[in-house]
Protein chains: 4
Amino acid sequence: MSFNTFGRVFRFTTWGESHGPALGAVVDGCPPGIALTEADIQPWLDRRRPGTSRFTTQRREPDAVRILSGTFEGRTTGTPISLMIENTDQRSKDYSDVALAYRPGHADYAYDAKYGFRDYRGGGRSSARETAARVAAGAVARLVVPQVRVRAWVEAIGGDAIDPAAFDDAQIDANPFFCPDAAAAARWEETVDAARLAGSSLGAVIACEATGVPAGWGAPLYAKLDSELAAAAMSINAVKGVEIGDGFAAAALSGERNADAMRPGNDGPVFLANHAGGIAGGIATGQPIRLRVAFKPTSSILTPVDTITREGAATQIMTKGRHDPCVGIRGVPVVEAMVALVLADQALLHRAQCGLI
Amino acid sequence: MSFNTFGRVFRFTTWGESHGPALGAVVDGCPPGIALTEADIQPWLDRRRPGTSRFTTQRREPDAVRILSGTFEGRTTGTPISLMIENTDQRSKDYSDVALAYRPGHADYAYDAKYGFRDYRGGGRSSARETAARVAAGAVARLVVPQVRVRAWVEAIGGDAIDPAAFDDAQIDANPFFCPDAAAAARWEETVDAARLAGSSLGAVIACEATGVPAGWGAPLYAKLDSELAAAAMSINAVKGVEIGDGFAAAALSGERNADAMRPGNDGPVFLANHAGGIAGGIATGQPIRLRVAFKPTSSILTPVDTITREGAATQIMTKGRHDPCVGIRGVPVVEAMVALVLADQALLHRAQCGLI
Amino acid sequence: MSFNTFGRVFRFTTWGESHGPALGAVVDGCPPGIALTEADIQPWLDRRRPGTSRFTTQRREPDAVRILSGTFEGRTTGTPISLMIENTDQRSKDYSDVALAYRPGHADYAYDAKYGFRDYRGGGRSSARETAARVAAGAVARLVVPQVRVRAWVEAIGGDAIDPAAFDDAQIDANPFFCPDAAAAARWEETVDAARLAGSSLGAVIACEATGVPAGWGAPLYAKLDSELAAAAMSINAVKGVEIGDGFAAAALSGERNADAMRPGNDGPVFLANHAGGIAGGIATGQPIRLRVAFKPTSSILTPVDTITREGAATQIMTKGRHDPCVGIRGVPVVEAMVALVLADQALLHRAQCGLI
Amino acid sequence: MSFNTFGRVFRFTTWGESHGPALGAVVDGCPPGIALTEADIQPWLDRRRPGTSRFTTQRREPDAVRILSGTFEGRTTGTPISLMIENTDQRSKDYSDVALAYRPGHADYAYDAKYGFRDYRGGGRSSARETAARVAAGAVARLVVPQVRVRAWVEAIGGDAIDPAAFDDAQIDANPFFCPDAAAAARWEETVDAARLAGSSLGAVIACEATGVPAGWGAPLYAKLDSELAAAAMSINAVKGVEIGDGFAAAALSGERNADAMRPGNDGPVFLANHAGGIAGGIATGQPIRLRVAFKPTSSILTPVDTITREGAATQIMTKGRHDPCVGIRGVPVVEAMVALVLADQALLHRAQCGLI
C-alpha cells in the first residue's frame, strides 16, 4: 500500500518524484483566517535548498513554491492548500546503471520487490527531494501554532559531537552545518570536505527542541505525542533512530536519577529536570519537547559495492552524480517541519476534545 | 483528543483502566477462516502476566482472556474480535496521596493538565496494565502472518548489557528476565533484587527481531514499515527511544561501513550485512527486521521526590504499592505484540495494493 | 475488509453477533468531565428493546448496558468508554435450515461469498441486534451535544403515510409505532397485525429532525454533514434510501420553488423555507436538520421463497423464528442514535478547525 | 474541519477553487503497473466539460489534465498520482453582489458561518467546478477495476421521467442530456431551453448501474458498500437524495414482493429480481449495483430572491453569470466517477482481507 498522507485533523499529502515535472503537498484541515502567502513558506524552503554550499548536493533547484489553492486575499480559507514546487534541474544523465542494478542502502531493491516496477531516475519517489514538500507544509503548520518555536540543529557528524557547553543558538544559521558550536563547525568543515572529496559519506545526529508547547497536547494511547513524533522522524529518508528526552541514556539510569521533580511556580509547576523530554504518558508537560534523530550516512558513495542486477546477476555499483556527502545536514529543516506538523495536528486535536463547543 | 485505535486495515482498539472492572481490545479487519480460540492467546498473556517472579509487580492477576465475538466454531469470521480480561486484584488501597499530588515521571500531571480530571487509581488509563490488551491483540496478529517469527529479549538492564557472543535463544524463556545470556541473567538477578529491596528501579533495553518478513511489506511514505514500528514502540509505556538496525550507531559510520552489499542467492539476493535492520525506503528487504527499544526506569520509587499538589503546593511523594522494579522486563512480550500487530497490518496493506484483484 | 468504526474524532467501534455471549461499543474521543452513568444510556436502549409490544420480535432481551471503562466518579475521563450488553435470550433453536440455504434478502449469501464462512445463528454479525450497540453509543453522543435535540418518528408503514397536519410530538412515544399521528397509529395497528399474522412483513419510512445545530457544523468536501448523515443512515440494517430536506421531491422543483429565502432576524438570518433540510454546501445553516430514511420490509417471512443451498442446489426457504414484522419501527431509536453520533463528531471537528487554540 | 480526502486504501484528495489558478486531485494507493496516460483520463473530463451545448454553463474550459507524478514510462508506479487541471476562463466579472450578500441555496451563508471568511468568486471551494477533479480521479479508478462497467444516465428532469421501456444505452451519449430515451430527450430540449431562457432552473434524477462487481465486495459494518455509495453520492454538489435498488419504493412493498429469490446458475446463483440493487448486508451480491441520485435545481436563478447581506441587512439577489440551467445533467459523469472510486477502494479492501497473503 501507499500512504502519502500524515496527520489526523491537520493533514498533509505529498506527491512527486525526484525527476518528475514537479512535486507538492496538499495541506488539509488548516484553520481559516491565517495570513499566508508564498513569502511565509519560501524562507524555510531556502534553508533546505540544495546547492547553497559545497557540503550539499550540487543540484541547482530554486525550489520556488506556488500556492495553488486554499487562500483568498492573503488568508487561509479553511479549504485545502495546494503547494507546488517545480523541478527545474532534472539533469538528463544516463541512469542505465541504476536502472539495471540495485544501489545498496537505497530503496531500489525494496521498491522493485514491492511494486515490480520503479522510477529509477534519481530514486524516484524514494528520493529525499520529497522532503521539500514537507518543509513547505511545515511552514504552514508553524502558522497554526505560532506560540510554539521549533528549532533543530546538528549535534554530531560522523561521530564527532558538539560541546554542549559551547551551544550558541546564533551560530546555528551562521555556518553551513546548522551547528550551534563554532569550534565543531570548523572541524566538520574539514571532515565533510574530506568525505566529499573521497566520494565517501557521513552520518549525523540532529537534535530538536520545541518550546511553547502547553501542557496537555497529546492524544493517548495511539496518537501519543511521542509516538507521533517518532513516526514523523522515522518517516524521513535515512533516519534510523529516534529518542525523546534522555532516550537510550534513560535506560541506564535509576529511577531516582531519572525523576523530573516539580516545585510550585507562578505559572504551573517548575520542573527541576527534563529527562522525559517534555512528554509524560504521551502528553506534553509544558516543558520543552526534546528529541534526537539519527541519520545514517548517505548511501550514494563512489566506492564500488557488491550488488545484483534486476536479473539477479552479481555486479558492482558506484553511485556517481550529485549527492549530499552528509544527508543529515539538510535533515535539520526537515526534522523541524515534521515536528511542527505533528504539533499543529495535536493542537487541533486537543482543542477538539478539551475545548468548549 | 483520544486515539485508542492502532492500524490501517488490521486495526485494534483498546479500552480499560488499571482499576476498572475489566480491560480489552477489539480487533477489526482480521481475515476470516483463521483457527482461533482463547488457547491461542492465553500463553502470550501468561508471558506478560505479573506476579510470576519476585522481579515483577506482586499484583496477582490471572489475566484470563475471553473471546466475546468474531469467531464461530473455532475460526475467525472476518468480523470484529472482542477480547476481554477482567481485573480481579484491584486492591482497595488508599490512593489519597496519589489523588492529591502528582507522581513525577508518571502521567499524573499531564493527564490532569489535559483532561482537567483523572482516574488516579493505579494510574488509570495511563497504567501499563493496558498493555495486556495489546498482547492479546498481538496474539491474533501472529496468526495473520504465520510465516513471521517475532522474538524479543532484554539486551541490557541498568546499563549492564548482554554479551552478544553468548546469545542463546533457548535461554530467553529460561529466566525471569527474557535474557538470552545466562551469565548476564545471573548478574541481573542481583542487580534487580538490590533495586527492588532499595525501593529503586532500573531501565532496560529490549531488542526485537522479526524473521520471515518478505521483501515488499511497507507502505511509503507515511506508513513506512520503520515509521509504523517506531510509532508502535514509542506508544508503549516508559519507552523513550527506538532504533532500526544500527540506529544511532549508524550515524557514526561512513557510507562504506554502513553499506549492506548484496550477492546473488538462490532465493533473491543474499545480503552481506544488515546495518539497515531489514528496511530500506520504508519497505522490507527480506532480511530480518531488527529494532531496539529503550525503557526508562519505573517512575514509582520509594525515595521521596519533590512534587506539587493539585492545588499547586509544594510536597513530596514516594510511591508505595506494587510495582515492577524494572518495567522493561515485562516490556518484552509487549514489544513483540506491537511488532506483530504492525506486520499483520502491513501484510494486508501490501496485499491490497500489490496482490491481484 | 471489515470496518466497524464510525466517526473522525468522536469515534465508536461496535462488536458482537446476534447469538454470541454479548455485544458492545467502544466510544473513543469523548470529551472529559461529562456526567455519565448507565442510567443515561438505559432509557434509550429501552426504547429500542425488543419484546415490548406484539409488533416487534418476541425475543426477550433486557439489554442492560454496563460501562466497563472511561468514567470515574460518574464523569467521563476522556479515555475510551467501553459499553457492553449481554445476550441472554439466544434461544437454542435449530438453525440447520439457515445453515444450509441462503435466506433471500438477508446477508447470508453475500457474507458467504465474501468470507467463505459465516456465523449463521440469527444472522450473526449482520443481525439488526448490532444496532443496540449503536443506540448505547448514541446516548453518549447526545451528552456531547446537549444543545441539540434529535427526534425521529415513523412517517409511513407499508405505503400508508401520516397526515402532516396531524403531527403531534407527544404522540410519538404514546404508541408502539413511534407515530406522531394518532389516527395513523390506529390504522397501522391493524395493518401490522395483519402482516404479522400472515407471516408477512412491511417497509417503513422514518423521518428525523435535529434542532439546535448551529450554523457551521459540517466538514466539506468529503465529510460534509449530509454525506456523513447519508453514510450513517445507509449503514443501518434494511435501509435503502436517504433524503436530506426535500430529497427526491426537490428534483422536480424549479429553482424558484426550491429557494430558501432569508430575512434578517435577531439571532442570525430567518429562513422563509427549509427545502434544503438545514444543510448547504455540506454545512449546517442553523435551520433544523431534516432527513428521511427508507426501510425495506423485513426479509424474514413465512412464505416459502426460492433459493439455493451452499452447495448450489435449488430449494425453498421460509424464515420461522422471532422477527419484527416491520423492522423500520425499531429503526426510530437507531436513526436518532446515528444522527446524534454524526453531530457529536461534527461538533468536535468544527471546534478543532474553527475554535481558538 | 475540512476533509478533502475520500477512500480507505484507494484514496483521493481534491483541491482547488472555482476561480483559482488550477484545481486537482492526488490519487494515493493505486496499484502499480497499470497503463495510464493523460489520454486515459481526458475523454471522461470531456464528457463533463462545460460549454459543449447550450444546456450547460457557457464557461469555456478545456479542462486539460496533466499527470504530474505517479507514473513512469506510461505505467503507474504505486506512488501518488497528482492530477492538475488549470483554470483558464475565470472571467474577471464583478463579484461585488455575491461578496456582499448570500445567495439562497448556495453555500455562501454556511461557509461564512463556518469559516468567518470565504472566497466568493464563483462559489470558491463550494463550486461544482471541483467535480472535474473527481472525474479525473474516477478515470484512474476505472482502470483499477477494469472488470466493472459503471454507467449513469439522466432519468428525469423537472419531474418528467423517461419511459423505462424505451431505454436505449446507445442514446445516452447521443444527446446533450445523457438521456437513454430519445423521446424524453426531445421533450427535455424544450423544457431545459425554456428554463434557461426564463433564467430559471430544473432538478434531475440520475440513475447509475455498475455491472461486473463480484459478490463479496463491501466492508461491513461502517464501510458497507451501500453506505460508501450513499456518502459518495451525497458529497456531490446539489445532491439531496440517494436510493439503492428500489429505495423508497421498497418501503411500500411487502416482504414477499421485495424478495430477490435465487435459483441455481452455472456461475453462482441466478437472481429472479434485484430489488436490493445488488447489495445485501452491505456486501455485493454479484447482481448489478443500482442507485438513483436526486439533484436539486441549480440555485442560481435570475428571479430576485430575498436574502441578507453579510452585515445582516435585508436585500434581494439574482444570480447573473454563467450557470447550468440543470446542474444534474453534468452530474452524470460525476456520479459515475464517484461510484468507480468507491468500487476501486472496495476492491482493494476486499483483497486485503479476503485474498491470500
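Residues numbered from 1 in each chain as written. Chains lettered and ligands numbered in written order. Predicted model: local features only at pLDDT ≥ 70, side-chain atom pairs only at ≥ 80, totals over all residues. Heavy atoms only, no water.

- Identification of chain A as Chorismate synthase from Sphingomonas corticis is taken from an unreviewed UniProt entry.
- Per UniProt, the comment on chain A under Pathway (unreviewed entry) is "Metabolic intermediate biosynthesis; chorismate biosynthesis; chorismate from D-erythrose 4-phosphate and phosphoenolpyruvate: step 7/7."
- According to UniProt, the comment filed for chain A under the heading Subunit (unreviewed entry) is "Homotetramer." (UniProt positions renumbered as here; feature names shortened; annotations may be inferred.)

1. Focus: the relation of the copies chain B and chain A
Item 1. Rotating chain B by 180° about the axis while translating it 0.0 Å along that axis superimposes it on chain A, leaving an RMSD of 0.0 Å. Accordingly, the operation relating the two chain copies is best matched by a two-fold axis. Every residue of chain B has its C-alpha some distance from the rotation axis, and the shortest such distance is that of Ala231 of chain B, at 2.4 Å.
Item 2. A shared interface surface links the copies, since 100% of the contact residues of chain B are contact residues in chain A too. (Least-squares fit on C-alpha atoms with pLDDT ≥ 70 in both. Contact = heavy atoms within 4.5 Å.)

2. With respect to the relation of the copies chain B and chain D
For the pair of chain copies, the relating transformation is a rotation about an axis with a translation along it.
Item 1. Superposing chain B onto chain D requires a rotation of 180° together with a translation of 0.0 Å along the rotation axis, leaving an RMSD of 0.0 Å.
Item 2. The fraction of interface residues of chain B whose copies in chain D are also interface residues reaches 100%, indicating that both copies meet through the same surface.

3. Points about the interface of chain B and chain A
In many reports, interface size means the accessible area that the parts give up when they come together.
Item 1. On the side of chain A, 103 residues touch chain B, which itself brings 103 residues to the contact.
Item 2. Counting the surface lost from both chain B and chain A, the interface buries some 7,800 Å², and carbon and sulfur atoms represent 64% of this.
Item 3. Run the count over chain B and chain A and you get two salt bridges.
Item 4. Between Asp306 of chain A and Arg263 of chain B there is a salt bridge, with the nearest N and O atoms lying 3.2 Å from each other.
Item 5. Linking chain B with chain A are 43 residue pairs in polar contact (both at pLDDT 80 or more), by the criterion used here.
Item 6. Split by residue class, the side of chain B that touches chain A holds 58 nonpolar, 30 polar and 15 charged.
Item 7. Bridge count for strand β11 (residues 239-244) of chain A against strand β11 (residues 239-244) of chain B is three bridges, and the pairing is antiparallel. Looking across to β11 of chain B, one finds that Gly241 of chain A is bridged to Glu243 of chain B. (Buried area = accessible area lost by both parts, 1.4 Å probe. Salt bridge = Lys/Arg side-chain N within 4 Å of Asp/Glu carboxyl O. Polar contact = N/O pair within 3.5 Å; in protein donor to acceptor, adjacent residues only side chain to side chain. Nonpolar A, V, L, I, M, F, W, Y, C, P; charged D, E, K, R; others polar. Pairing = 2+ DSSP bridges. Helix = DSSP H or I, 4+ residues; strand = E, 2+ residues; numbered from the N terminus.)

4. Re the packing of aromatic side chains
When we look at a pair of aromatic rings, we describe it by the centre distance and by the angle of the planes.
Item 1. Here the structure, examined in full by the defined rule, presents 44 aromatic pairs over all chains.
Item 2. With a centroid separation of 6.1 Å and 65° between ring planes, the pair formed by Phe271 of chain A and Tyr109 of chain B is classed as edge-to-face. Residue Phe271 of chain A is located in strand β13 (residues 268-271), and its partner Tyr109 of chain B is located in helix α3 (residues 108-115); the two belong to separate chains.
Item 3. Its relative accessible area of 18% is what places Phe271 of chain A among the buried residues.
Item 4. Exposure remark for Tyr109 of chain B: the relative accessible area of 16% places this residue in the buried category.
Item 5. Both rings, one in Phe6 of chain D and one in Phe12 of chain D, keep their centres 5.9 Å apart while their planes meet at 35°; by these two values the pair is tilted.
Item 6. Look at Phe12 of chain D and you get buried, because its relative accessible area is 1%.
Item 7. Note that Arg11 of chain A overlies the ring of Phe3 of chain D, its terminal NZ or CZ placed 3.8 Å from the centroid. (Phe/Tyr/Trp six-rings, centres within 6.5 Å; stacked < 30°, edge-to-face > 60°. Buried < 20%, exposed > 50% of the residue type's maximum accessible area, 1.4 Å probe, protein only. Lys NZ or Arg CZ within 6 Å of the ring centre and 35° of its normal.)

5. Re the UniProt feature "binding site: NADP(+)" (unreviewed entry) in chain A
Residue and element names in this part refer to chain A.
Item 1. In the numbering used here, UniProt assigns the "binding site: NADP(+)" (unreviewed entry) feature to Arg48 and Arg54.
Item 2. Mapped onto the fold, Arg48 is located in helix α1 (residues 38-48).
Item 3. Once residues lying within four places of it in the same chain are set aside, the contact partners of Arg48 are Asp63, Ala128, Arg129, Thr131, Ala132, Val135, Arg330, Pro333 and Val334.
Item 4. Looking at where Arg54 falls in the secondary structure, it is placed in the loop between α1 and β4 (65-67).
Item 5. For Arg54, a relative accessible area of 38% gives the class partly exposed.
Item 6. When near neighbours in sequence (up to four residues on either side) are disregarded, Arg54 contacts Glu189, Asp193 and Arg196.

6. Points about the sheet that holds strand β2 (residues 11-16) of chain D
All names here are of chain D.
Item 1. Across the sheet, five strands lie side by side as β1-β2-β3-β7-β4; this open sheet has antiparallel pairing. Edge strands, defined here as strands with exactly one partner in the open sheet, are β1 (5-6) and β4 (65-67).
Item 2. Across three bridges, the pairing between β4 and strand β7 (residues 81-86) is antiparallel. Residue pairing across strands places Ile67 opposite Leu83, the latter belonging to β7.
Item 3. Each of β4 and β7 touches helix α1 (residues 38-48); the most contacted strand, β4, lies at about 155° to it. (Axes fitted to C-alpha atoms, helices over the stretch in contact; angles between N-to-C directions.)

7. Some details on empty space enclosed by the protein
Item 1. Of the volumes computed, that of the largest cavity is approximately 1,500 Å³.
Item 2. Along the walls of the largest cavity sit 43 residues, with Gly7 of chain A, Gly7 and Arg8 of chain B, Gly7 of chain C together with Gly7 of chain D positioned nearest its centre.
Item 3. Sorting the residues of the lining of the largest cavity by element identifies β1 (5-6) and α6 (225-234) of chain A, β1 (5-6) and α6 (225-234) of chain B, β1 (5-6) and α6 (225-234) of chain C together with β1 and α6 (225-234) of chain D as the ones contributing at least two each.
Item 4. For the lining of the largest cavity, the per-class residue count stands at 19 nonpolar, twelve polar and twelve charged.
Item 5. Roughly 240 Å³ of volume is contained in the second largest cavity.
Item 6. What lines the second largest cavity is a set of 27 residues, and nearest its centre among them are Asp260 of chain A together with Arg103, Pro104, Gly105 and His106 of chain B.
Item 7. Looking at the lining of the second largest cavity residue by residue, the classes come out as 13 nonpolar, eleven polar and three charged. (1 Å grid on protein atoms, 1.4 Å probe; cavity = no way out; pocket = protein on both sides within 12 Å on 5 of 7 lines; lining within 4 Å. Points joined across faces, edges and corners; volume = space filled by probe spheres on them.)

8. Focus on helix α8 (residues 331-354) of chain B
Item 1. Taking 1.5 Å of rise per residue, the 24 residues of α8 of chain B would be expected to cover 34 Å, and the 34 Å separating its terminal C-alpha atoms lies within 8% of that figure.
Item 2. α8 of chain B sits mainly inside the fold: 23 of its 24 residues count as buried. (Expected span 1.5 Å × (residues − 1).)

9. Details of the packing of α6 of chain A against helix α8 (residues 331-354) of chain A
Residue and element names in this part refer to chain A.
Item 1. Packing of α6 against α8 leaves a shortest axis separation of 9 Å and a crossing angle of 145°. Helix-helix and strand crossings are classified by hand; for α6 and α8 the assignment is right-handed. Where α6 abuts α8, its residues Leu225, Glu228, Leu229 and Ala232 lie against Met338, Val339, Val342, Leu343, Asp345 and Gln346. (Left-handed = near helix turned anticlockwise from the far one by under 90°.)

10. Observations concerning the sheet that holds strand β2 (residues 11-16) of chain C
All names here are of chain C.
Item 1. Strand order across the open sheet formed by five strands is β1-β2-β3-β7-β4, with antiparallel pairing between neighbours. The outermost strands of the open sheet, each flanked by one partner alone, are β1 and β4 (65-67).
Item 2. Against the sheet, helix α4 (residues 131-144) touches β2, β3 (22-28), β4 and β7 (81-86), its axis set at about 30° to β3.

11. Remarks on the side chain of Ser69 of chain B
Item 1. Note on placement: Ser69 of chain B falls in the loop between β4 (65-67) and β5 (71-72).
Item 2. Within the structure, Ser69 of chain B has its side chain in polar contact with the backbone oxygen of Pro80 of chain B (distance 2.7 Å).

12. Focus: the side chain of His350 of chain D
Item 1. Of note, His350 of chain D is situated in helix α8 (residues 331-354).
Item 2. Within polar-contact distance, the side chain of His350 of chain D engages the backbone oxygen of Gly216 of chain D at 3.3 Å.
Item 3. In this structure His350 of chain D touches Met1 and Lys114 of chain C together with Gly216, Trp217 and Gly355 of chain D, once residues within four positions along its chain are discounted.

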